[in-house]
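Inside the fold
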Amino acid sequence: MANEYDITAEEGMDAPISEDEIRADLDRVLAEEGVDRDCLVSVSIVGDERIRELNAEWRGRDVATDVISLECERPDDPDLAPGEPCELGDIVLAPDYIARQATRFGTMAADEFRLLLVHGTLHLLGYDHLEDDEAEVMEAREDALLALLPHDGTTRPVTLTRHREGVDE
């Protein structure tokens, strides 16, 4: 598989894991999800103000948050020509917000960032957590995928309350 990742960071923003690990983690999630088409994914590392702006624009919520996923195409889209890469979408992560959140959940910033990278990727693949049954499926998948990734040993199982509407306010 030859996925392509466009990883950019707003000035002054750094991810708590390396770009090589971001690529490897994304490759692993896509492979484990059975994606056999090459994918293009944009990963943006931004500050609280920028993610607040995006959250207001795309979700109608004028507050900072941890991650936003903007889906473009699905790998199984029948309109994609054979061999054509899938422009999966954009994952926007706010490491300062994530670090504060990690403290609340008793995890390390790097583990929390990995969780949210997986979370954002699963959203691009069609998972959601608006309803309890959807949340249970998505959270179980997050836990299974996180167990396959390098970690600092502080990621706890994801719970229904972790990524519910209103948690990030």
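Just above sits the structure.
Residues numbered from 1 in each chain as written. Predicted model: local features only at pLDDT ≥ 70, side-chain atom pairs only at ≥ 80, totals over all residues. Heavy atoms only, no water.

1. Brief notes about helix H1 (residues 19–32)
To keep it simple, the criterion reads: Helix numbers and strand numbers start at the N terminus; a helix is a DSSP run of H or I with at least 4 residues, a strand a run of E with at least 2. Every helix has an expected span of 1.5 Å times one less than the residues it contains. Buried means the residue's accessible area, taken with a 1.4 Å probe over protein chains only, is under 20% of the maximum for its type, while exposed means over 50%, and partly exposed covers the values in between. To obtain the arc, one takes the directions from the helix axis to the C-beta atoms. Contact definition: two residues touch when any of their heavy atoms are within 4.5 Å.
Given a rise of 1.5 Å per residue, 14 residues ought to cover 20 Å, and the 20 Å separating the end C-alpha atoms of H1 matches this to within 8%. Within H1, burial applies to Glu21, Ile22, Asp25, Leu26, Val29 and Leu30. Along the axis of H1, the buried residues cluster in a sector spanning 165 degrees; they form a single face. The inward-facing, buried residues of H1 abut strand E1 (4–9), strand E2 (39–45), strand E4 (86–93), helix H4 (109–124) and helix H5 (132–146). Directly beyond the C-terminal end of H1, a positive phi value near 80 degrees is found at Gly34.

2. Structural notes on a negative patch on the surface
Our working definition: Nonpolar side chains (Val, Leu, Ile, Met, Phe, Trp, Tyr) are joined into patches within 5 Å and like charges within 9 Å, using only residues with over 30% relative accessible area and no salt bridge. Accessibility throughout is a Shrake-Rupley quantity obtained with a 1.4 Å probe, and a residue counts as covered only by protein chains that appear here. Here a salt bridge means any side-chain nitrogen of Lys or Arg lying within 4 Å of a carboxyl oxygen belonging to Asp or Glu. When charges are counted, neither His nor the chain ends are considered; positive counts come from Lys and Arg and negative counts from Asp and Glu. Here the site of a charge means NZ on Lys, CZ on Arg, CG on Asp, or CD on Glu.
Together, Glu131, Asp133, Glu134 and Glu136 line one region of the surface with negative charge. Residue position: Glu134 is located in helix H5. Of the residues examined, Glu134 reaches a relative accessible area of 33% and is grouped as partly exposed.

3. Some words on the nonpolar core
To keep things clear, this is the line we draw: Side-chain atoms within 4.5 Å link the members of a nonpolar core, which is a set of buried Ala, Val, Leu, Ile, Met, Phe, Trp, Tyr and Cys residues.
Membership of the largest hydrophobic core comes to 34 residues, with the highest contact counts inside it found for Ile22, Val41, Val43, Leu88, Ile91 and Leu93. For this core, the elements supplying multiple residues, two or more each, are E1, H1, E2, E4, H4 and H5. Counting residues per element, this core draws most heavily on H4, at 8 residues. Residues within four places of Ile22 in sequence aside, it is in contact with Ile7, Ala15, Ile17, Val43, Phe113 and Leu117. Grouped together as the second largest cluster of nonpolar side chains are 9 residues, Leu54, Ala64, Leu70 and Val92 included.

4. Regarding the pairing of E4
Rule in force here: Only strands joined by at least two bridges in the DSSP assignment are considered to pair.
Burial analysis of E4 places 6 of its 8 residues in the buried class, the great majority of the element. With 7 bridges joining them, E2 and E4 adopt parallel strand pairing. Bridge assignment links Ser44 to a residue of E4, and that residue is Val92. The pairing of strand E3 (residues 67–71) with E4 spans 5 bridges and is classified as antiparallel. Across the sheet, residue Ser69 finds its bridge partner in E4, namely Ile91.

5. Here's the deal with helix H3 (residues 95–105)
Helical periodicity: at 3.6 residues per turn, an α-helix aligns residues three or four positions apart in one direction. For H3, the full list of buried residues reads Pro95, Tyr97, Ile98, Gln101 and Ala102. On an axial view of H3, the arc spanned by its buried residues comes to 150 degrees, and they lie on one face. Across H3 from its buried face, at more than 90 degrees, point the exposed residues Thr103 and Arg104. Here the buried face of H3 lies against E2, helix H2 (48–59), E4 and H4.

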